[in-house]
Amino acid sequence: MKSPQDNFIIGRLKGAKYALKGALILIKTESSIQAQLIIALLVTIAGFYFGISAQEWMLQVFAIGLLLSTEGINTAIEEIADFIHPDFHRKIGIIKDISAGAVFMAASAGVIIGLIIYIPKILAL
């Protein structure tokens, strides 16, 4: 007989499988995620090159995660909106604009974090 703990672990493993599947779908189908992953790779290389501190790594990883997560949520909202109302609808357009605005805010925060981390290092060269 399975214990409640076994069911919990199996449930979490299944959840992780679905999450990984969703992440792979995003990477394969969304050009914006692909571009953001390339930028994430470049700033990660820059982090190693410039030897950024542990705190700077935390901020950089947080910014990357925030942006990729927000982009994923934006994509999900757009997919739901298109499924519910495939034709143009003013309210659906507003929902999509707001969702894209959230991505813009996350991207802006990421750019600011990157500038704070890397401008002093570039100027010190």
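Refer to the structure above for everything that follows.
Every chain begins its residue count from 1, and numbering advances along the sequence as written. Note on the predicted model: pLDDT of at least 70 is required for a residue's local features to be given, and 80 or more for side-chain atom pairs to be given and counted; whole-chain, interface and lining totals, by contrast, use all residues. Calculation of side-chain values draws on the structure's entire complement of heavy atoms; hydrogens and water are dropped beforehand.

Visitor: Mind laying out the nonpolar core, listing which residues take part and the relevant values?
Guide: Among buried residues, those of type Ala, Val, Leu, Ile, Met, Phe, Trp, Tyr and Cys that are joined through side-chain atoms within 4.5 Å constitute a nonpolar core. Burial classification: accessible surface area is computed with a 1.4 Å probe over protein chains only, and a residue below 20% of its type maximum counts as buried, one above 50% as exposed, and the rest as partly exposed. Residues Ala46, Ile52, Ala63, Ile113, Ile117 and Tyr118 constitute the largest nonpolar core, which totals six residues. Looking at which element gives the most residues to this core, the answer is helix α4 (residues 90-123), with three residues. Only heavy atoms enter the contact rule, under which two residues are in contact if any of them lie within 4.5 Å. If sequence neighbours within four positions are ignored, isoleucine 117 has contacts with Ile52, Glu56, Leu59 and Gln60. In this text, helices come from DSSP runs of H or I with a minimum length of four residues, and strands from runs of E with a minimum of two, each type numbered from the N-terminal end.

Visitor: Describe the side chain of threonine 70, and please don't skip the residues or the numbers.
Guide: Relative to the assigned elements, threonine 70 resides in helix α3 (residues 54-84). By relative accessible area, threonine 70 is classed as buried at 14%. Whenever two N or O atoms come within 3.5 Å, that pair is a polar contact, provided that in protein one can donate a hydrogen and the other can accept it, and provided that, for residues adjacent in sequence, both atoms are side-chain atoms. A polar atom in the side chain of threonine 70 sits 2.6 Å from the backbone oxygen of leucine 66. The contacts of threonine 70, once residues within four sequence positions are left out, are Ala102, Val103 and Ala106.

Visitor: Break down the packing of helix α2 (residues 31-50) against α3 for me, with residues and values.
Guide: Axes, fitted as lines to C-alpha atoms, cover a helix only where it is in contact. Angles between the N-to-C directions of the axes lie from 0 to 180 degrees. For the pair α2 and α3, the least separation of the axes is 10 Å and the interaxial angle reads 175°. On the basis of the axis angle, α2 is roughly antiparallel to α3. Contacts between α2 and α3 involve Ser32, Ile33, Gln36, Leu37, Ala40, Val43, Thr44, Gly47 and Phe48 from the first element and Trp57, Gln60, Ile64, Leu67, Leu68, Glu71 and Gly72 from the second. Our angle categories are set so that under 35 degrees counts as roughly parallel, over 145 as roughly antiparallel, 65 to 115 as roughly perpendicular, and the remainder as oblique.

Visitor: Any details on the pattern of salt bridges? Residues and values, ideally.
Guide: Within this document, salt bridges are pairs made up of a side-chain nitrogen of Lys or Arg and a carboxyl oxygen of Asp or Glu, the two lying within 4 Å of each other. According to the stated counting rule, one finds two salt bridges in the structure shown. Ionic pairing is found between glutamate 56 and lysine 121, a salt bridge with its closest N-O pair at 3.3 Å. Of the two residues, glutamate 56 is situated in helix α3 and lysine 121 in helix α4; the sequence distance between them amounts to 65 residues. Two residues, aspartate 82 and lysine 96, come together in a salt bridge whose shortest N-O distance is 2.5 Å. With a gap of 14 residues between them, aspartate 82 in helix α3 and lysine 96 in helix α4 connect regions that are remote in the sequence. A relative accessible area of 35% places aspartate 82 in the partly exposed class.

Visitor: Kindly report on the packing of aromatic side chains, identifying the contributing residues and their values.
Guide: Centres within 6.5 Å are what make two rings of Phe, Tyr or Trp a pair, Trp counting through its six-membered ring; a difference in plane orientation under 30 degrees is then read as stacked, over 60 as edge-to-face, and the rest as tilted. Applying the stated rule across the entire model yields three aromatic pairs. On the numbers, 4.9 Å between centres and 55° between planes, the contact of phenylalanine 48 with tryptophan 57 is tilted. An angle of 55° between the planes, with centres 5.8 Å apart, marks the rings of phenylalanine 50 and tyrosine 118 as tilted. With phenylalanine 50 in helix α2 and tyrosine 118 in helix α4, this residue pair connects regions lying 68 residues apart in the sequence. Residue phenylalanine 50 is classed as partly exposed on the basis of its relative accessible area, which comes to 23%. Grouped by ring-pair contacts, the aromatic residues Tyr49, Phe50 and Tyr118 constitute a single cluster. Ring-over charges, as used throughout, are those where CZ of Arg or NZ of Lys falls within 6 Å of the ring centre and within 35 degrees of the ring normal. Residue placement shows arginine 12 over the ring face of phenylalanine 8; its charged tip is 4.9 Å from the ring centre.

Visitor: Please set out the packing of α2 against α4 residue by residue, giving values where relevant.
Guide: At a minimum axis distance of 11 Å, the contact between α2 and α4 shows a crossing angle of 25°. Considering their axes alone, α2 and α4 lie roughly parallel with respect to each other. Crossing geometry of α2 relative to α4 is assigned as left-handed. Contacts between α2 and α4 involve Gln36, Val43, Ala46, Gly47 and Phe50 from the former and Val103, Tyr118, Lys121 and Ile122 from the latter. When residues are sorted by character, Ala, Val, Leu, Ile, Met, Phe, Trp, Tyr, Cys and Pro go into the nonpolar class, Asp, Glu, Lys and Arg into the charged class, and all the rest, Gly among them, into the polar class. In the contact of α2 with α4, the residues fall into six nonpolar, two polar and one charged. Each crossing is labelled by how the near helix is turned from the far one, with a counterclockwise turn of less than a right angle marking it left-handed and a clockwise turn marking it right-handed.

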